[in-house]
Amino acid sequence: MTSPLQVLLLDADGVLQYLPTSWAEQVLADPAWPGLEALLKVEAPFLRGERRDGFPEAVAQLLHEHGCAVTPEEFFAPWSDITAEPRALDLVRQVRSRGVRVYLATNQQAMRAAVMRERRLYDDHLDGGYYSFELGVTKPSWDYFDHIVRDLRVARDRVLFVDDTAANVAGARAAGLRAAHKPYADGVAGLERVLRWHGLL
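Calculation criteria
- Residues numbered from 1 in each chain as written.
- Predicted model: local features only at pLDDT ≥ 70, side-chain atom pairs only at ≥ 80, totals over all residues.
- Heavy atoms only, no water.
- Helix = DSSP H or I, 4+ residues; strand = E, 2+ residues; numbered from the N terminus.
- Rg over C-alpha atoms; globule rule 2.2 N^0.38 Å.
- Buried < 20%, exposed > 50% of the residue type's maximum accessible area, 1.4 Å probe, protein only.
- Pairing = 2+ DSSP bridges.
- Right-handed = clockwise from strand over helix to strand, strands pointing away.
- Contact = heavy atoms within 4.5 Å.
- Polar contact = N/O pair within 3.5 Å; in protein donor to acceptor, adjacent residues only side chain to side chain.
- Salt bridge = Lys/Arg side-chain N within 4 Å of Asp/Glu carboxyl O.
- Axes fitted to C-alpha atoms, helices over the stretch in contact; angles between N-to-C directions.
- Parallel < 35°, antiparallel > 145°, perpendicular 65-115°, else oblique.
- Left-handed = near helix turned anticlockwise from the far one by under 90°.
- Nonpolar A, V, L, I, M, F, W, Y, C, P; charged D, E, K, R; others polar.

(A) Quick peek at the overall build of the chain. Counting its regular elements, the chain contains 10 helices and 5 strands. In terms of C-alpha radius of gyration, the chain reaches 17 Å, essentially the compact-globule figure of 17 Å for 201 residues. With respect to the principal axes defined by its C-alpha atoms, the chain has extents near 55 × 30 × 30 Å. The buried share of the chain, taken over its 201 residues, is 47%.

(B) Structural context of the pairing of strand S4 (residues 159-163). In terms of residue burial, S4 counts as a mostly covered element, since 5 of its 5 residues are buried. Judged by which residues are buried, S4 turns out to be covered on both faces: Val159, Phe161 and Asp163 on one side and Leu160 and Val162 on the other are all buried. Where strand S1 (residues 7-10) lies against S4, 4 bridges are found, and the strand directions are parallel. Among the inter-strand pairings, Leu9 is bridged to a residue of S4, identified as Phe161. Alignment of S4 against strand S5 (residues 178-181), held across 4 bridges, turns out to be parallel. Paired with Val162 across the strands is Ala180, a residue of S5. Considered for its hand, the β-α-β crossover made up of S4, helix H9 (residues 166-174) and S5 is right-handed.

(C) A look at the environment of Val149. Mapping Val149 onto the fold places it in helix H8 (residues 142-152). Expressed as a C-alpha distance, the spacing of Val149 and Ser80, which sit 69 residues apart in the sequence, is 31 Å. Look past the residues within four positions of Val149 in its chain and what remains in contact with it is Val154, Arg156, Val159 and Leu177.

(D) Examining the side chain of Gln17 more closely. One can find Gln17 in the loop between S1 and helix H1 (21-29). The class of Gln17 is buried, set by a relative accessible area of 1%. Engagement of the side chain of Gln17 in a polar contact is seen with the side chain of Tyr122, the distance being 2.7 Å. Excluding its chain neighbours within four sequence positions, the residues that come into contact with Gln17 are Ala12, Ile82, Thr83, Ala84, Gln108, Arg112, Met116, Leu121 and Tyr122.

(E) Geometry of the pattern of salt bridges. Evaluation of the coordinates by the stated rule reveals 13 salt bridges. For Glu85, the salt bridge is made with Arg87, and the minimal N-O distance between the two is 3.3 Å. The exposure class assigned to Glu85 is partly exposed, which follows from its relative accessible area of 21%. Overall, the relative accessible area of 53% leaves Arg87 in the exposed class. Across the pair Asp90 and Arg93 runs a salt bridge whose closest N-O atoms are separated by 2.9 Å. Taken as a pair, Asp90 and Arg93 lie in helix H5 (residues 86-96) at a separation of 3 residues, close to a single helical turn. A single salt-bridge network, built from bridges that share partners, covers Asp11, Lys139 and Asp163.

(F) Seen up close, the sheet that holds S1. Here 5 strands make up an open sheet; going across it, the order is S3-S2-S1-S4-S5 and the pairing parallel. Of all the strands in the sheet, just strand S3 (128-131) and S5 have a single pairing partner and so form its edges. Each strand of the sheet is rotated relative to its neighbour by a mean of 20°, with strand direction disregarded.

(G) Looking closely at the packing of H5 against helix H10 (residues 187-197). Packing of H5 against H10 brings their axes to within 9 Å, and their N-to-C directions diverge by 15°. By the angle between their directions, the pair H5 and H10 is classed as roughly parallel. Where H5 crosses over H10, the two elements pack in a sense that is right-handed. Touching Arg87, Ala88, Leu91 and Val95 of H5 are Val188, Leu191, Glu192 and Leu195, all from H10. Broken down by class, the residue content of the contact of H5 with H10 amounts to 6 nonpolar, no polar and 2 charged.

Structure representation (structure tokens):
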């Protein structure tokens, strides 16, 4: 018999919050855009907390090196206006009403995490949050998930992790957690389906 869930871990981007479509189209439409993999390589030490300052300058250098028409100001503009998806927060409210604790589990560097916290996106909706730059390790590492379950003092099979990145889901499962992949394109409807499937709604 499957143990009842006690904790729900949710990724931020692609699960609880989404970038404007216009921003993605502008960046991806630039033929000189080096791709997400190149961006993640630049961002990696910031996500792990090895560097906390200088991320805008690092992105500016990346854009300049590849001759992108997108300016750093255009690239970072949506970050000052991050919003949580209201329908996703309503689902969180329903899950918490059933006695399940809900936490953010996100790869973020200090700059963006500061914006999220300053806007108090989740303070009144979640039980807490885990940011990679503070943990010193990123998803999908086993250490990332191990830190969380030990900190929460919860059995691994009592935790459900939801992410829009398949590799992160695989990492959570390897660490002994229950995990579900919710593709970015599925939006909030996809999150609702996952939560219903796991009996949280």
